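One letter stands for each residue in the lines below.
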There are 2 protein chains.
Amino acid sequence: VVLAVDQIVGGRHYVDEPLDATPAEQVGRKLLARNLSDIAAMGARPSFGLVAVALPPNRDVDWLNRFLDGILALAREFGVAIVGGDLAAAPHDQVASLTILGEVTRGNLCRRQGAQPGDLFYVTGAFGGAFESGHHLTFQPRCAEGAWLAQNGYVHGMIDVSDGLWLDALRICRASAVGLRLDPDRVPRRSRGVSAAEALSDGEDYELAFGVPPALAQELEHAWPFAGVPLKAVGEFTAAERPEVTGMDGEPLPFDRRPGFDHLA
Amino acid sequence: VVLAVDQIVGGRHYVDEPLDATPAEQVGRKLLARNLSDIAAMGARPSFGLVAVALPPNRDVDWLNRFLDGILALAREFGVAIVGGDLAAAPHDQVASLTILGEVTRGNLCRRQGAQPGDLFYVTGAFGGAFESGHHLTFQPRCAEGAWLAQNGYVHGMIDVSDGLWLDALRICRASAVGLRLDPDRVPRRSRGVSAAEALSDGEDYELAFGVPPALAQELEHAWPFAGVPLKAVGEFTAAERPEVTGMDGEPLPFDRRPGFDHLA
């Protein structure tokens, strides 16, 4: 059994003014989807969820019901049973949290650690511009992909990219005590308007990023059964004195990494 | 495995202005204690917890650390491992939620249903004035008591009293499809300044309330091993056309029940 908790805050993770600038169903859907993405990165299958909601006076029962409908529709899709909850009043803000349980065979559990020098760095999907495109509300959590990768033993260190590929890649480096040479030009971008820098820093992509032993890379690419989901090697892990993400030449990347992902603020 | 989630909101469940009107450690302690009380009412033993916190700009890392210290100190006391968490920024409010896991043998699981006509209605501890006395921050969750009651088979329907004894007793009645004759003068009060009406409605008592078959009542009172914790029968469940709480004479209680517990608002 694996456990994760994630929150969604009005004005941070979705636009909340004017009322229903983001439909309540999409807010609920996003809360669960964020948690499913966490479970996906562990190679686990989601099972149960509990929801806590704190709402200000300008959100009524109708808003709450539509919020819950958004959670429950996605829960059905992913086979998750919502088994508990709590509702509270807050003075101003809308804050909801969801705790999710998942199941994974012990040997298949994926963590951020485990990437080794020489492993290729793979990503699913595309990056950047998640807010502008609405992707941050409509993304499909990579649960099937994560479980498949874990079951078939392809993964050396995995994370779901919520805070920007650069920062989340750095988290794999820190957990694995390795460096990463990354080719920004190979990172798939969500649209033509997205720059290489934005693809690395925008965040809210909810794609999987993971290391793969080079001997397994060709087999992985041939066996990958998710036709609609791009899979691409965009870098290589290296032995490094300290965890860092550089260009392919080992030099600093030619733009600044924003310090974490700031959501709407 | 049982699961529960509960929240704590600044300005609702604790005084948050001026900053640290309620010490951060006590806020954290209360959040976990509320969840432990839920677990206690199921007759379960708490095992794991996950915490999600959303904080506004006027709460700094020091506040967060002290909040977590308050959680962790009580977690150690009750053998709970805090295994996950999430931190987010909120525009104005302080909202935290904690999801708790507990373990209980299937046959010992207690719920609100199960009270039968003729069962005596027991409570632990004392009631009323929880905010004025600080009890709402310092209460000791009745985990050992709840697990003992469940293991020894004394319980027909149990709840933890968070929203006032009257309302929570009514919840047992609804779940069990029974009525309850309650003697307000027998309900232990936290202090002399607390009226009978306040003892039934104030809330935040975090005591246990439960039905006990009359044949077991004397044995229960003799065997009760918690010397510092009062145990008292304060009423009797009845066959009733609809769930209701009355006086011992079956007439309405001589004061109004406030509709749920309003916390600070």
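The structure presented is a predicted model; accordingly, all values stated were derived computationally and were not measured.

Quick notes on the overall build of chain A
Link 1 in the chain: A count of helices and strands for chain A gives eight helices and 10 strands.
Link 2 in the chain: Each principal axis of the C-alpha distribution contributes one length, and for chain A these read about 55 × 40 × 35 Å.
Link 3 in the chain: When burial is assessed residue by residue, chain A has 58% of its 265 residues classed as buried.
Link 4 in the chain: Within chain A, counting contacts between residues at least 6 apart in sequence, those at least 24 apart form 88% of the total.

A short note on the interface of chain B and chain A
Accessible area lost during the coming together of the parts is what is often quoted as the interface size.
Link 1 in the chain: Taken together, the 29 residues of chain B in the interface contact 29 residues of chain A.
Link 2 in the chain: Where chain B abuts chain A, roughly 2,100 Å² becomes buried across the two surfaces, and 64% of that area is made up of carbon and sulfur atoms.
Link 3 in the chain: Three residues stand out in chain B for area buried against chain A, namely B:Val5, B:Gln7 and B:Asp93, and they jointly supply 25% of the buried area on that side.
Link 4 in the chain: One can count zero salt bridges joining chain B with chain A.
Link 5 in the chain: Summed over the shared surface of chain B and chain A, the result is 11 residue pairs in polar contact (both at pLDDT 80 or more).
Link 6 in the chain: Among the secondary structure elements, those contributing two or more residues to the side of chain B that touches chain A are strand E1 (2–9), strand E2 (45–55), strand E3 (81–89) and strand E4 (95–103) of chain B.
Link 7 in the chain: If you tally residues by element for the side of chain B that touches chain A, the top one is E3(B), at seven residues.

A word on the sheet that holds strand E7 (residues 179–182) of chain B
Residues and elements named next belong to chain B.
Link 1 in the chain: If you trace the six strands from one edge of the open sheet to the other, you get E6-E8-E5-E9-E7-E10, paired in mixed fashion. The open sheet terminates on both sides in strands that have one partner only, identified here as strand E6 (156–161) and strand E10 (245–246).
Link 2 in the chain: Sheet analysis places E7 next to E10, joined by two bridges and oriented parallel. In the sheet register, arginine 181 faces E10, and the bridge partner there is threonine 246.
Link 3 in the chain: In the packing of helix H5 (residues 143–151) onto the sheet, the strands contacted are E6 and strand E8 (207–212), and the crossing angle to E8 comes to about 15°.

Some details on the packing of helix H1 (residues 24–41) of chain A against helix H2 (residues 61–78) of chain A
Residue and element names in this part refer to chain A.
Link 1 in the chain: Closest axis-to-axis distance for the H1/H2 pair is 6 Å, and the angle between their directions is 40°. Between H1 and H2, the angle is such that the two are oblique. Here the hand of the crossing between H1 and H2 comes out right-handed. Residues Ala24, Glu25, Val27, Gly28, Arg29, Leu31, Leu32, Ala33 and Leu36 of H1 lie in contact with H2, whose contacting residues are Trp63, Arg66, Phe67, Gly70, Ile71, Leu74, Ala75 and Phe78.
Link 2 in the chain: Considering only residue class, the contact of H1 with H2 consists of 12 nonpolar, two polar and three charged.

A closer look at the relation of the copies chain B and chain A
Link 1 in the chain: Relative to chain A, chain B is turned by 180° and slid 0.0 Å along the rotation axis, the superposed coordinates differing by an RMSD of 0.0 Å. Seen this way, the second copy is the image of the first under a two-fold rotation axis.
Link 2 in the chain: A symmetric contact is evident, with 100% of the interface residues of chain B recurring at the interface of chain A.

Details of the packing of aromatic side chains
A ring pair, where both rings are aromatic, is described by two values, the distance of the centres and the angle of the planes.
All names here are of chain A.
Link 1 in the chain: Under the defined criterion, the tally for this structure stands at 18 aromatic pairs over all chains.
Link 2 in the chain: Aromatic pair tryptophan 166 and phenylalanine 255: ring centres 6.1 Å apart, planes at 70°, arrangement edge-to-face. Separated by 89 residues along the polypeptide, tryptophan 166 in helix H6 (residues 165–176) and phenylalanine 255 in the segment after strand E10 (245–246) bring together distant segments of the chain.
Link 3 in the chain: Note on tryptophan 166: relative accessible area 9%, which makes it buried.

Here's the deal with the pairing of E2(B)
Residue and element names in this part refer to chain B.
Link 1 in the chain: Summarising burial for E2: nine of the 11 residues are buried, a large majority.
Link 2 in the chain: Pairing geometry for E2 and E4, over nine bridges, is antiparallel. What sits directly across from glycine 49, in E4, is isoleucine 100.
Link 3 in the chain: As paired elements, E2 and E3 share eight bridges and run parallel to each other.

As for the pattern of salt bridges
All names here are of chain A.
Link 1 in the chain: Taken as a whole and assessed by the stated rule, the structure comprises 24 salt bridges over all chains.
Link 2 in the chain: With its nearest N and O atoms 3.9 Å apart, the salt bridge here joins arginine 189 to aspartate 185.
Link 3 in the chain: Overall, the relative accessible area of 35% leaves arginine 189 in the partly exposed class.
Link 4 in the chain: One salt-bridge network, in which partners are shared between bridges, spans Asp6, Lys30, Arg34 and Glu204.

Thoughts on the confidence of the model for chain A
All names here are of chain A.
Link 1 in the chain: Per-residue pLDDT for chain A has a mean of 93; in total, 97% of the residues score no lower than 70.
Link 2 in the chain: Low pLDDT, under 50, characterises residues 261–265; the predicted model gives this stretch 19 contacts beyond four residues in sequence or across chains.
Link 3 in the chain: With a pTM of 0.86, the predicted complex shows an ipTM of 0.81.

A closer look at the side chain of B:Ser47
Link 1 in the chain: Among the structural elements, B:Ser47 can be located in strand E2.
Link 2 in the chain: With near-sequence residues (within four places) excluded, B:Ser47 lies in contact with B:Gly79, B:Val80, B:Ala81, B:Leu101, B:Gly102 and B:Glu103.

Thoughts on unusual backbone geometry
Residues and elements named next belong to chain A.
Link 1 in the chain: That bond from glutamate 17 to proline 18 is cis: its omega, -5°, falls within 30 degrees of zero.
Link 2 in the chain: Even without being glycine, tyrosine 206 reaches a positive phi, approximately 55°.
Link 3 in the chain: Tracing the sequence through the fold places tyrosine 206 in the loop between helix H7 (196–201) and strand E8 (207–212).

Things to note about the sheet that holds E2(B)
All names here are of chain B.
Link 1 in the chain: Spatially, the four strands line up as an open sheet ordered E1-E4-E2-E3, and their pairing is mixed. Both outer strands of the open sheet, E1 and E3, are each paired with one neighbouring strand and no more. Between one strand and the next, the sheet's axes are offset by a mean angle of 15°, whatever the strand orientation.
Link 2 in the chain: This element, helix H1 (residues 24–41), spans E1, E2 and E4 of the sheet and lies at about 145° to E1.

Cut-offs applied
Within each chain, residue numbers correspond to sequence positions counted from 1 in written order. Each chain gets a letter, beginning with A, and each ligand a number, beginning with 1, in the order they are written. The predicted origin of the model limits local features to residues at a pLDDT of at least 70 and limits the giving and counting of side-chain atom pairs to 80 or more, whereas totals for whole chains, interfaces and linings rest on all residues. Values shown for side chains rest on all heavy atoms present in the structure; no hydrogens or waters enter the calculation. Helical segments are the DSSP runs of H or I of at least four residues, strand segments are the runs of E of at least two, and each set is numbered from the N terminus. Each residue's exposure class comes from its accessible area (1.4 Å probe, protein chains only) as a fraction of the maximum for that residue type: buried when under 20%, exposed when over 50%, partly exposed otherwise. Should any heavy atoms of two residues lie within 4.5 Å, those residues are considered in contact. Defined here as a combined quantity, buried area equals the accessible surface (1.4 Å probe) lost by two parts on assembly, summed across both. Any Lys or Arg side-chain nitrogen located within 4 Å of an Asp or Glu carboxyl oxygen qualifies as a salt bridge. Counted as a polar contact is a pair of N or O atoms within 3.5 Å, where, for protein atoms, one must be capable of donating a hydrogen and the other of accepting one, and residues adjacent in sequence contribute only when both atoms are in side chains. Note on pairing: two strands pair once DSSP finds at least 2 bridges between them. Only the stretch in contact is used when a helix axis is fitted, and all axes are lines through C-alpha atoms; the angle between N-to-C directions ranges over 0 to 180 degrees. By definition in this entry, angles of less than 35 degrees are roughly parallel, angles greater than 145 are roughly antiparallel, angles of 65 to 115 are roughly perpendicular, and the rest are oblique. Crossing handedness follows the turn of the near helix against the far one: under a right angle anticlockwise gives a left-handed crossing, and clockwise gives a right-handed one. Note that Gly is not counted as nonpolar here; it falls among the polar residues with everything else outside the nonpolar set of Ala, Val, Leu, Ile, Met, Phe, Trp, Tyr, Cys and Pro and the charged set of Asp, Glu, Lys and Arg. Here the copies are superposed with least squares, the fitted atoms being C-alpha atoms of residues at a pLDDT of at least 70 in both. Two rings from Phe, Tyr or Trp (for Trp, the six-membered ring) form a pair when their centres are within 6.5 Å of each other. A pair whose planes differ by under 30 degrees is stacked, one over 60 is edge-to-face, and the rest are tilted. The pLDDT value expresses, per residue, how confident the predictor is, ranging between 0 and 100.

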